[in-house]
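# Commentary on secondary and tertiary structure
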Amino acid sequence: MWWWDARVTTLFKRNLQPTLTYWSVFFSFGLCIAFLGPTLLDLRCQTQSSLSQITWVFFSQQFCLLIGSCLGGVFKRTLAQSLLALFASSLAISVVFAIIPFCHHVVVLAVVMAMAGLAMGCIDTLSNMQLVKIYQKDSAVFLQALHFFVGFGALLSPLIADPFLSDTNCILTNVTANGSSNLPHIRKSLVPHHPGNLSHYDLPTKGLVVTRVSYAFWIMALINLPVPFAVFLLLYKERLVPCCQSSSPPLLSADELALETRAADKDDSSTSSPKIQSEIGHGDLFGCCQSKNFRGVPCSYFAVHVTGALLLFMTDGIMGEYSGFVYSYAVEEPLSVGHKMAGYLPSLFWGFITMGRLISIPVSYRMKPATMVFINVVGVLLTFFLLLIFSYSVVFLFVGTASLGLFLSSTFPSVLAYTEDILQYRGCATTVLVTGAGFGEMVLQLLVGSIIHDQGSYSFLVCGTIFGALAFVFYVFLLFFHRMHPQPQSDMDLSPDKPPPMGEPELYQS
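Residues numbered from 1 in each chain as written. Predicted model: local features only at pLDDT ≥ 70, side-chain atom pairs only at ≥ 80, totals over all residues. Heavy atoms only, no water.

Rule in force here: UniProt positions are given in the numbering used here, feature names are shortened, and annotations may be inferred rather than shown by experiment.
Where an unreviewed UniProt entry is consulted, the chain appears under the name Major facilitator superfamily domain-containing protein 4, with the organism given as Gekko japonicus. Its UniProt record, at the heading Sequence similarities (unreviewed entry), says of the chain: "Belongs to the major facilitator superfamily." According to the UniProt record, the Subcellular location (unreviewed entry) comment for the chain is "Membrane".

## Examining the overall build of the chain
Note the following rule: By definition, any uninterrupted DSSP run of H or I lasting at least four residues is a helix, any uninterrupted run of E lasting at least two residues is a strand, and each is numbered from the N terminus. In this scheme, a residue with accessible area under 20% of its type's maximum is buried, one over 50% is exposed, and one in between is partly exposed, where area comes from a 1.4 Å probe on protein chains only. A contact between two residues is defined here by any heavy atoms of the two lying within 4.5 Å. Under the convention used here, a 1.4 Å probe and the Shrake-Rupley method define accessible areas, while residue burial counts only the protein chains that appear.
If you tally the helices and strands in the chain, you get 23 helices and 2 strands. Burial analysis of the chain (510 residues in total) assigns 56% to the buried set. Sequence-distant contacts in the chain: of pairs separated by 6 or more residues, those separated by 24 or more amount to 84%. Just so you have it, the chain exposes about 21,400 Å², and 67% of that area is on carbon and sulfur atoms.

## With respect to empty space enclosed by the protein
Here is the rule: Cavities and pockets are defined on a 1 Å grid built over the protein atoms alone: a cavity is a set of grid points where a 1.4 Å probe fits but cannot escape, while a pocket is an open set with protein on both sides within 12 Å along at least five of seven lines, and lining residues are those with an atom within 4 Å of any such point. Grid points are joined across faces, edges and corners, and a volume is the space filled by probe spheres set on the points. Throughout, the ten residues Ala, Val, Leu, Ile, Met, Phe, Trp, Tyr, Cys and Pro are labelled nonpolar, Asp, Glu, Lys and Arg are labelled charged, and all others, Gly among them, are labelled polar.
Applying the stated criterion across every chain, the model contains 2 cavities of 30 Å³ or more. Volume-wise, the second largest cavity comes out at about 30 Å³. Lining the second largest cavity, in full, are Tyr329, Leu335, Leu387, Phe390, Ser391, Ser393, Leu397 and Leu461. For the lining of the second largest cavity, the residue count by class is 6 nonpolar, 2 polar and no charged.

## What about the environment of Trp23?
Within the secondary structure, Trp23 sits in helix 2 (residues 16-33). Along the chain, Trp23 and Val227 lie 204 residues apart, while their C-alpha atoms are 9.6 Å from each other. Beyond its immediate stretch of four places on either side in the chain, Trp23 contacts Phe12, Leu131, Phe142, Ala145, Leu146 and Phe149.

## Thoughts on the packing of aromatic side chains
The following threshold applies: Only centres within 6.5 Å qualify two rings of Phe, Tyr or Trp (six-membered ring in Trp) as a pair; their planes then separate them into stacked at under 30 degrees, edge-to-face at over 60, and tilted for everything else.
Inspection of every chain in the model, using the stated rule, returns 26 aromatic pairs. Their ring planes at 80° and their centres at 5.4 Å tell us that Trp56 and Phe59 sit as a pair that is edge-to-face. Linking Trp56 with Phe59, this pair stays in helix 5 (residues 56-71), spanning 3 residues, or about one helical turn. The rings of Phe12, Trp23, Phe27, Tyr135, Phe142, Phe148, Phe149 and Phe152 are connected pair by pair, giving a single aromatic cluster.

## Side note on the side chain of Thr19
Secondary-structure assignment places Thr19 in helix 2. In contact with Thr19, other than residues within four places in its own chain, are Phe12, Leu131, Tyr135 and Phe142.

## So, the side chain of Thr125
Operational definition: Definition of a polar contact: a pair of N or O atoms within 3.5 Å, with one able to donate and the other able to accept a hydrogen when the atoms are protein atoms, and with sequence-neighbouring residues admitted only if both atoms are side-chain atoms.
Considering the arrangement of structural elements, one finds Thr125 in helix 7 (residues 106-135). Of note is the side chain of Thr125, whose polar atom sits 2.9 Å from the backbone oxygen of Ser69. If sequence neighbours within four positions are ignored, Thr125 has contacts with Gly68, Ser69, Gly72, Gly73, Thr430, Thr431 and Val434.

## Let's talk about the environment of Leu233
Tracing the chain through its elements places Leu233 in helix 11 (residues 226-237). Under the relative-accessibility criterion, Leu233 is labelled partly exposed at 39%. Leu233 sits 215 residues away from Pro18 along the chain, and the two C-alpha atoms are 9.7 Å apart.

## Re a nonpolar patch on the surface
To keep things clear, this is the line we draw: Patch rule: a residue counts if its relative accessible area is over 30% and it has no salt bridge; like charges are joined within 9 Å, and nonpolar side chains (Val, Leu, Ile, Met, Phe, Trp, Tyr) within 5 Å. Salt bridges, as used here, are contacts in which a Lys or Arg side-chain nitrogen is within 4 Å of a carboxyl oxygen on Asp or Glu.
On the surface, Leu91, Val95, Ile99, Phe102, Tyr215, Trp218, Ile219, Leu222, Ile223 and Leu225 cluster together to form a nonpolar patch covering roughly 890 Å² of accessible area. Listing elements by their share of the nonpolar patch, those giving two or more residues are helix 6 (79-99) and helix 10 (213-224). With 5 residues, the top contributor of residues to the nonpolar patch is helix 10. For Leu91, the position within the fold is in helix 6. A relative accessible area of 33% means that Leu91 is categorised as partly exposed.

## Comments concerning helix 10
This is how the line gets drawn: Helices are assigned an expected span. That span is 1.5 Å times one less than the residue count.
For helix 10, built from 12 residues, the straight-helix expectation of 16 Å at 1.5 Å per residue is met to within 8% by its first-to-last C-alpha distance of 17 Å. Elements that come into contact with the buried residues of helix 10 comprise helix 2, helix 3 (36-47), helix 6, helix 8 (139-161) and helix 11.

## Some details on helix 21 (residues 429-455)
Taking 1.5 Å of rise per residue, 27 residues should cover 39 Å, and helix 21 covers 37 Å from first to last C-alpha, within 8% of that figure. One or two steps after helix 21, the chain reaches Gly456, where phi turns positive at roughly 105°.

## Observations regarding the environment of Pro486
Looking at where Pro486 falls in the secondary structure, it is placed in the loop between helix 22 (459-484) and helix 23 (489-492). Residues Pro486 and Ile422, spaced 64 residues apart in sequence, show a C-alpha to C-alpha distance of 9.0 Å. When sequence neighbours within four positions are dropped, the list of residues in contact with Pro486 reads Pro298 and Ser300.

## Examining the packing of helix 10 against helix 11
Helix packing for two helices is described by the angle between their axes and how far apart those axes are. Note the cut-off: Axis angles are defined between N-to-C directions and span 0 to 180 degrees, where every axis is a line fitted to C-alpha atoms and, for a helix, only to the segment in contact. Oblique is the label for any angle not under 35 degrees, not over 145, and not in the 65 to 115 range, which are roughly parallel, roughly antiparallel and roughly perpendicular in turn.
Closest axis-to-axis distance for the helix 10/helix 11 pair is 5 Å, and the angle between their directions is 20°. Classified by the interaxial angle, the pair formed by helix 10 and helix 11 is roughly parallel. On the side of helix 10, the interface is formed by Leu222, Ile223 and Asn224, while helix 11 contributes Pro226, Val227 and Pro228.

## Overview of the packing of helix 20 (residues 411-423) against helix 22
Basically, it comes down to this: Left-handed is the label given to a crossing in which the near helix is rotated counterclockwise from the far helix by less than a right angle, and right-handed is the label when the rotation is clockwise.
Interhelical geometry of helix 20 versus helix 22 gives an angle of 20° and a closest axis separation of 10 Å. On the basis of the axis angle, helix 20 is roughly parallel to helix 22. Between helix 20 and helix 22 lies a crossing whose hand is left-handed. Together, Tyr418, Thr419 and Ile422 of helix 20 and Leu478, Leu479 and His482 of helix 22 make up the contact between the two elements.

## Details of the confidence of the model for the chain
Operational definition: A score between 0 and 100, pLDDT records how confident the predictor is in each residue.
With 76% of its residues at a pLDDT of at least 70, the chain reaches an overall mean of 79. Within the model, pLDDT remains below 50 along residues 490-510, and this stretch shows 53 contacts once partners closer than five positions in the same chain are excluded.

What follows is the structure, given as structure tokens:
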């Protein structure tokens, strides 16, 4: 890879298997997070439930995802615990896909989706956390790649499900329901826990169930099955499988050992600090709140955590509410876009998010995370301003949707890399930021849904503009607290030409 220097290339080669494993686990996360929306109406038929009842399945998944994100740090104490938790979580996702077709009651389905949410939360926290631990100052590019894989999984999941979705009502009765011919419109209008103005559609709950969506879930279960196998291989390689444990660690190659020796000669403290830092920070959300962790830390320590979480609360919240409501906004006045054309908007949005994450992989190596975050938040704010100005233009709605996807694409990994750099990997940034982003995605969807219901569709863009402005304000505060936060002397003396310290050579050795 021509845009990497030799040091980072060597670091990547040494950690190739764990890096690819964490990327694959995040693909599993993306596969699971995006299937529920398109398949929800068929699952409604399968469980013979009402539209308002089935949308609670969204809530159970999202709420337990937040709990899983908070608790994910519990398993970070050793590499064995982290990998075992990732193995159990990725395997649980395959199991969930396999058993969803057998859930014929909405409560059972909600419980199964809650299990999937817990697994997804653990994956979200642990994958980000482990990559930060491995690469530290060089983690930005690898975090961008990690979040590309979640976007790729989120794009693939609806494509797998689409051929098996019902075009007409999947519960056959003697009376034709007035919602049967509107299923594509209802499907694209569904937002987590927000049936909104769809309650007037009389969808039957009793009758003969005819749906083929089970095949989609079984296909996704098979596609996801190699992921827990990859985690198991990493456990085996690190000699962390109980029956294969050994006290002798894997040896470094001669080139890697020489490179590590040179790095140690340049800065003796740089090679020992990651191990110390991994013991100090990166706990679970509740462990981070223990009073013993607050002794002797400056006020800026807390401020960086809070402003980083609030920044992601807004940007991830914008991502969730825009993808959820852009279709409903487009089909209503004044735009009145046709249902079929408006249905392309969410796909366009997520497509450009995935493309933006792919582009950000090489860009993040040459550009500082703080600069990327600035471009992201300013781009989001300007895009919303232009969407407000050209609110009667259908063409600009599509252009703005693509632009918004690009600017939002790399926000999370860039904010995470920037915040961890500020805290010198001694805080709880990963857990706090993942939790803040999850809260934003859930809360802002609920808030915007209520406002649109009361104030009309135009408030959708007004809300987005306000959230974008707040994201910019929190970014400015993050910069300010970065200036306030004390930096280690060795870090301040680091010259621009001197490469950042290597990751801990024994970090991935048992």
